[in-house]
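Read off the chains here:
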Amino acid sequence: MSVCPKVQSFVHEPSSTFSYVVWDPHTSRAAVIDAVLDYGEHTGRTSTESADAIVAFVHQHGLRVDWVLETHAQADHLAAGGYLRDRLGATTGIGEGIRNVQEHFRAVYHFERGFLPDGSQFDHLFADHERFHVGRIEARVIPTPGHTSDSVTY
């Protein structure tokens, strides 16, 4: 049976980033894609206002978030995946190409010595073309390198 997903987008104006909640209307199972953690450039502080708007939407619509997904290593904004994982009890995921990007970023940005460029910051590393489910919706990981070499589309 083919299920038509529902999609709600959220725009983070400061970084021109779109985040999405995608859900199966029959099971209320959902995924969040590319959630943003707010950063005040004048204060140097982070906040969760944008991520909290997603949490509020999820609760308002009675959704159960199974996945918090990233499409690529985020250099244009701070990712809120860990925050949403903790708030919503979801599994974080990204394409397995994150390992190469982390290795590159570690050298360029002089990450701390203890940083492991192995993708272990995520719960699941997707292989290219791997299939997974959001409720009864079958999703697939499509490699789309461009913005970064690890970019994927779900």
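Not measured: the values here are computed from a predicted model.

*Asks:* Before we go on, may I ask you to explain the overall build of the protein chain in this structure?
*Replies:* Each helix and strand in the protein chain was counted, giving three helices and 13 strands. Relative to its length of 154 residues, the protein chain is compact, with a C-alpha radius of gyration of 15 Å against a globular reference of 15 Å. Principal axes of the C-alpha set define a box for the protein chain whose edges measure 50 × 35 × 25 Å. Across the 154 residues that make up the protein chain, the buried fraction comes to 41%. Of the contacts made within the protein chain by residues no fewer than 6 positions apart, 55% connect residues no fewer than 24 positions apart. When the accessible surface of the protein chain is totalled, it reaches about 8700 Å², and 50% of it is carbon and sulfur. Separation of charge centres in the protein chain, based on 12 positive and 20 negative side chains, amounts to 6 Å.

*Asks:* Looking at this structure, how should I read the pairing of strand β4 (residues 36-40)?
*Replies:* Regular strands have side chains that alternate between both faces of the sheet. Examined bridge by bridge, β4 and strand β7 (residues 78-79) share two bridges and lie antiparallel to one another. Within β7, the residue paired with leucine 37 across the bridge is leucine 78. Across three bridges, β4 lies against strand β5 (residues 45-47) in antiparallel orientation. Paired with tyrosine 39 across the two strands is threonine 46, which belongs to β5. Connecting the antiparallel pair β4 and β5 is a turn made up of four residues, with glycine 44 showing a positive phi of about 75°.

*Asks:* Looking at this structure, I do not really get the pattern of salt bridges. What am I missing?
*Replies:* Oppositely charged side chains may form a pair once their charged atoms are brought near each other. Enumeration over the complete set of coordinates arrives at five salt bridges. Across the pair aspartate 66 and arginine 29 runs a salt bridge, and its minimum N-O distance is 2.8 Å. Of this pair, aspartate 66 sits in strand β6 (residues 64-69) while arginine 29 is found in strand β3 (residues 29-33), placing the two residues 37 residues apart along the sequence. For glutamate 103, the salt bridge identified is with arginine 106, shortest N-O distance 3.0 Å.

*Asks:* Please explain the sheet that holds β3 as it appears in this structure.
*Replies:* Sheet strands associate in pairs through backbone hydrogen bonding, adopting either a parallel or an antiparallel arrangement. With respect to topology, six strands assemble into an open sheet ordered β1-β2-β3-β6-β8-β9, the strand pairing being mixed. Strand pairing shows two members of the sheet lacking a second neighbour, β1 (6-12) and β9 (124-126), which therefore form its edges. Along the sheet, successive strands turn relative to each other by an average axial angle of 25°, direction set aside.

*Asks:* Can you help me understand the packing of helix α1 (residues 49-60) against helix α2 (residues 81-88) in this one?
*Replies:* A pair of packed helices is captured by two measures, namely the crossing angle of their axes and the spacing between those axes. Their axes nearest at 10 Å, the elements α1 and α2 cross at an angle of 30°. It follows that α1 is roughly parallel to α2 by the angle criterion. As α1 packs across α2, the resulting crossing turns out to be right-handed. Residues Ala51, Asp52, Ile54, Val55, Val58 and His59 of α1 form the contact with α2, whose participating residues are Tyr83, Leu84, Arg87 and Leu88. The residue makeup of the contact of α1 with α2, split by class, is seven nonpolar, one polar and two charged.

*Asks:* How do you make sense of the packing of aromatic side chains when you look at a structure like this?
*Replies:* How two aromatic rings sit relative to each other is given by the distance of their centres and the angle of their planes. Per the stated rule, a full pass over the model turns up 11 aromatic pairs. With centroids separated by 5.2 Å and ring planes inclined at 45°, the aromatic side chains of tryptophan 67 and phenylalanine 126 adopt a geometry described as tilted. Of the two residues, tryptophan 67 sits in strand β6 while phenylalanine 126 sits in strand β9, which places them 59 residues apart along the sequence. Tryptophan 67 sits in the buried class, given a relative accessible area of 13%. Overall, phenylalanine 126 belongs to the buried group, its relative accessible area being 0%.

So, how was this worked out
Residues numbered from 1 in each chain as written. Predicted model: local features only at pLDDT ≥ 70, side-chain atom pairs only at ≥ 80, totals over all residues. Heavy atoms only, no water. Helix = DSSP H or I, 4+ residues; strand = E, 2+ residues; numbered from the N terminus. Rg over C-alpha atoms; globule rule 2.2 N^0.38 Å. Buried < 20%, exposed > 50% of the residue type's maximum accessible area, 1.4 Å probe, protein only. Contact = heavy atoms within 4.5 Å. Areas by Shrake-Rupley, 256 points an atom, 1.4 Å probe, with all protein chains shown as cover. Lys, Arg positive; Asp, Glu negative; His and termini not counted. Charge placed at Lys NZ, Arg CZ, Asp CG, Glu CD. Pairing = 2+ DSSP bridges. Salt bridge = Lys/Arg side-chain N within 4 Å of Asp/Glu carboxyl O. Axes fitted to C-alpha atoms, helices over the stretch in contact; angles between N-to-C directions. Parallel < 35°, antiparallel > 145°, perpendicular 65-115°, else oblique. Left-handed = near helix turned anticlockwise from the far one by under 90°. Nonpolar A, V, L, I, M, F, W, Y, C, P; charged D, E, K, R; others polar. Phe/Tyr/Trp six-rings, centres within 6.5 Å; stacked < 30°, edge-to-face > 60°.

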